[in-house]
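# Tertiary structure, described
Spelled out, the chains give:
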Protein chains: 2
Amino acid sequence: MHRPRKEMIAETRAKLIAAARHAFGTVGYAESSMDDFTASAGLTRGALYHHFGDKKGLLQAVIAEIDGEMAVRVNEVASKAPTRWQHFVDECTTYIEMALEPEIQRIMFRDGPAVLGDPAQWPNASACIASMTNHLTKLQDDGVVVPELDPETTALLINGASSQAAQRIANSGDPEATSKKAIAAFKQLLEGLRRKT
Amino acid sequence: MHRPRKEMIAETRAKLIAAARHAFGTVGYAESSMDDFTASAGLTRGALYHHFGDKKGLLQAVIAEIDGEMAVRVNEVASKAPTRWQHFVDECTTYIEMALEPEIQRIMFRDGPAVLGDPAQWPNASACIASMTNHLTKLQDDGVVVPELDPETTALLINGASSQAAQRIANSGDPEATSKKAIAAFKQLLEGLRRKT
DNA sequence: CAATTGGCATACGGAACGTATGTAAATAGA
DNA sequence: TCTATTTACATACGTTCCGTATGCCAATTG
């Protein structure tokens, strides 16, 4: 057999990523002991250093995985919208909803930026931001959004507001009510981007 | 003399905070060795643990100091505006400009949230956010801002967008140009809050 | 002036990380 | 098929850093 070798390697990589993802998402990056979560995957730190170089390398791999999943989910939801503007708004609110999940919040919005720096400069630079930038550009072409704005910069601002909204909701005593307030405020801000007709 | 004692204590506290602030602001919280920066202040970790309990406690003290300074600066700038709306906008853009400074960005917007959690729940909960919340409420009373929004939630969203804008600018190759783009996009978003007259 | 409090240093133990080294299995070449 | 080499991963070690426990000296209190 020529395959088993490659498959075993892929499997250990996957096991390490899964174990790290769980540890990072629950207790946080800094508090996650490499000895502990590698052991929980039935491995040791030796495997980790071999495949990912160091703890940061593993975090990058985890982030890449999550980012990919988020991009898929955003596309699924947003593609159903009737108008392009609605498509855009849905994309943003979906983003907020995803950011509500503790694992995403912790890894993508807190530990990730703290350990690896500005997300906009990550290797796989946020597929979500790229998508939003793309839609903003089209909306400008359609004459829906004011033309003088830089799409990518605007997408980043919106992203910042989204993640803040998500944190606000997640830490709230009454997530349901807070969620409504945050999304309302968020949509109101987005209205500022539209051309007054 | 009754003073020298108290003065010495205040002085060591100040020295520790200053040394930590410098270390946190340059190399970052996680990479700052307590042995190193206490030594640079002519002290040891003993003093640190005595006054602040642990490393996090010192970070809190540093944050409280910076937060106070930021509040002062925001008030200085914004109080000169002719209208209340302009006052509010100035407040926001000043916030962005401050967030441009590497020390503020690193400590207040990256390491702070990562280590201490959601800034909105900090003990001295961001004087800046409190101020913005206050202004938004008044603007609603004046009929300038749409009335159905929750002021605090809105202030948090704006804060999130601001810090994102600041990071964007700071990491840009051409900060001047990026700054213009970001502030333009930001002002546009704020327009969404105004009532259509 | 004696007793006590409190500010700060020193000493110790433990945990975590990164590296260097070892080993067994799989692949490649003859 | 047999040997050589690569590769995946474990083990062992040294270093760094944090938190606690303890000790000392100066300042305050009576």
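All values reported here derive from a predicted model rather than from experimental measurement.

## Re the nonpolar core
In terms of nonpolar packing, the biggest core is built from 95 residues, with Leu-157 and Phe-186 of chain A together with Leu-157 and Phe-186 of chain B touching the most fellow members. Sequence-distant contacts of Phe-186 of chain A, defined by excluding residues within four places in its chain, comprise Cys-92, Ile-96, Ala-161 and Ala-165 of chain A together with Leu-157 of chain B.

## Quick notes on the UniProt feature "domain: HTH tetR-type" (unreviewed entry) in chain A
As annotated in UniProt, the feature "domain: HTH tetR-type" (unreviewed entry) corresponds to residues 10-70 of chain A in the numbering used here. Between the C-alpha atoms that bound residues 10-70 of chain A there is a distance of 22 Å. The span itself is 79% helix and 0% strand.

## A short note on the environment of Glu-103 of chain A
On the secondary structure map, Glu-103 of chain A appears in helix 6 (residues 102-116). Along the primary structure Glu-103 of chain A and Ala-30 of chain A are separated by 73 residues, whereas in three dimensions their C-alpha atoms are 15 Å apart.

## Here's the deal with the relation of the copies chain A and chain B
With an axial shift of 0.1 Å and an RMSD of 0.2 Å, the rotation relating chain A to chain B amounts to 179 degrees. Interpreted geometrically, this transformation is the action of a two-fold axis. Within chain A, Gly-192 of chain A has its C-alpha nearest the rotation axis, a separation of 1.7 Å. Interface residue correspondence from chain A to chain B reaches 100%, placing this contact among same-surface, isologous pairings.

## Observations concerning the packing of helix 6 (residues 102-116) of chain B against helix 8 (residues 151-170) of chain B
Residue and element names in this part refer to chain B. Helix 8 packs onto helix 6 with a crossing angle of 135 degrees between their chain directions and a minimal axis gap of 11 Å. Here helix 6 is positioned oblique relative to helix 8, judged by the angle of their axes. Along this stretch, helix 6 crosses helix 8, giving a crossing that reads as left-handed. Between helix 6 and helix 8, the contacting residues are Pro-102, Gln-105 and Phe-109 on the first element and Ser-163, Ala-166, Gln-167 and Ala-170 on the second. Of the residues assigned to the contact of helix 6 with helix 8, the class counts are 4 nonpolar, 3 polar and no charged.

Rules behind the numbers
Residues numbered from 1 in each chain as written. Chains lettered and ligands numbered in written order. Predicted model: local features only at pLDDT ≥ 70, side-chain atom pairs only at ≥ 80, totals over all residues. Core = buried A, V, L, I, M, F, W, Y, C linked by C-beta atoms within 7 Å. Buried ≥ 20, exposed ≤ 12 C-beta atoms within 10 Å, placed from the backbone. Contact = placed C-beta atoms within 7 Å. UniProt positions renumbered as here; feature names shortened; annotations may be inferred. Helix = DSSP H or I, 4+ residues; strand = E, 2+ residues; numbered from the N terminus. Least-squares fit on C-alpha atoms with pLDDT ≥ 70 in both. Axes fitted to C-alpha atoms, helices over the stretch in contact; angles between N-to-C directions. Parallel < 35°, antiparallel > 145°, perpendicular 65-115°, else oblique. Left-handed = near helix turned anticlockwise from the far one by under 90°. Nonpolar A, V, L, I, M, F, W, Y, C, P; charged D, E, K, R; others polar.

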